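Residues per chain, in single letters:
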Amino acid sequence: MGLSAAMRPKRKPASYFEGKANGTRNRTTIDKAAEHRMAGTACRPAAPQTIPVLAGYFVLGMGYGIYVQSLGLPVWMPMLMGTVVYGGSLEFVLASLLLSAFSPLSAFLMALMIQARHLFYGLAMLERYKGYGLRSFYMIFAMSDETFSITCSAEPPEGVDRGWFMFFITLLDQCYWVASAGLGAVVGSVLPFSTEGVDFVMTAMFTVIFLNQWEKDRQHYSALIGLAAPLACLVFFGSGSFLLPSMGCILILLLALRKPIEKAEGTEAEKSGEEVGA
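Student: With reference to specific residues and values, describe the overall build of the chain.
Tutor: Each helix and strand counted, the chain has 14 helices and 0 strands in total. Going from N to C terminus, the chain has its helices and strands arranged as α-α-α-α-α-α-α-α-α-α-α-α-α-α. In the chain, which comprises 278 residues, the share counted as buried stands at 31%. A fraction of 75% describes how many contacts in the chain between residues 6 or more apart in sequence connect residues 24 or more apart.

Right, here's the structure in full:
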């Protein structure tokens, strides 16, 4: 009896387990406090990086809000789409699609073609956004052209967490867009004059994007395909049903002529290199 009692493991007092639980809770509290400090530290250097985006988004967002109001949609619609969609030029198109006939396939294909560049943005940012938990999902969702360019080039100061730095850049950019769109909607709802014809802003915006792309590209085959295919489909199918055929023609022609277009781009790049060398 004496030997078995001696060999029996001694029970640890309840205070031991209470102390261990308290230690775990204290470590968790310390970790959360450290995480909050890191977030606060990252927000300050991230804000100045987004000032150019604020300037651009303020003008475009105001125009978008006024445009949505000119279509007769509710005041809250621009802010809702800026929060849920956050697609820039896609939001201009969706605003008009909300008033047209229900065609989910057409809307899907149009959104895919307008935002297809984000597929490549995502591939480029896989490594940068890896390992940040839920922040990674949000940064992937809210990655716009402007946010992509900043997060690719900007480096956080020493001692600042990179994940929180990129997160706040992304969050601030989206907040700028949502706030500007909401402000534009409010202004558009109280303007003392008619906003009829403001929807032309969408045509002007895409014209500027096209001209900007024309100046950047060394070859113009893809741009000419983008012009010729819709015009041909407009003649053959009419204004009511030319959109889907034109998008299909553009996709087929770009895939079929991919190698000649890439070859032309390479040739133009070599020529420009020779001119610079000369």
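Back to the text.
Student: Which residues make up unusual backbone geometry, and what values do they have?
Tutor: In terms of backbone geometry, most residues other than glycine have negative phi values and most peptide bonds are trans. Phi at Tyr 86 is positive, roughly 45 degrees, even though this residue is not glycine. For Tyr 86, the location among the structural elements is in the loop between helix 4 (77–84) and helix 5 (89–97). Tyr 86 sits in the buried class, given a relative accessible area of 8%.

Student: Quick rundown of the side chain of Ser 136? Include the residues and the values.
Tutor: Looking at the secondary structure, you find Ser 136 in helix 8 (residues 134–141). Beyond its immediate chain neighbours, meaning those up to four positions away, Ser 136 contacts Tyr 129 and Gly 131.

Student: Describe in detail the environment of Tyr 86, supporting the description with residues and values.
Tutor: With 88 residues separating them along the chain, Tyr 86 and Gln 174 place their C-alpha atoms 7.4 Å apart. In contact with Tyr 86, not counting residues within four places along its chain, are Tyr 57, Met 81, Glu 91, Ala 142, Ser 144, Thr 147, Asp 173, Gln 174 and Trp 177.

Student: Describe the nonpolar core, and please don't skip the residues or the numbers.
Tutor: The biggest cluster of nonpolar side chains holds 42 residues, and the ones touching the most others in it are Tyr 64, Val 68 and Phe 168. Looking at this core, the elements with two or more residues in it are helix 2 (14–49), helix 3 (51–70), helix 4, helix 5, helix 6 (104–115), helix 8, helix 9 (145–153) and helix 10 (162–190). Looking at this core, the element that brings in the most residues is helix 10, giving 10 residues.

What counts and how
Residues numbered from 1 in each chain as written. Predicted model: local features only at pLDDT ≥ 70, side-chain atom pairs only at ≥ 80, totals over all residues. Heavy atoms only, no water. Helix = DSSP H or I, 4+ residues; strand = E, 2+ residues; numbered from the N terminus. Buried < 20%, exposed > 50% of the residue type's maximum accessible area, 1.4 Å probe, protein only. Contact = heavy atoms within 4.5 Å. Core = buried A, V, L, I, M, F, W, Y, C linked by side-chain atoms within 4.5 Å.

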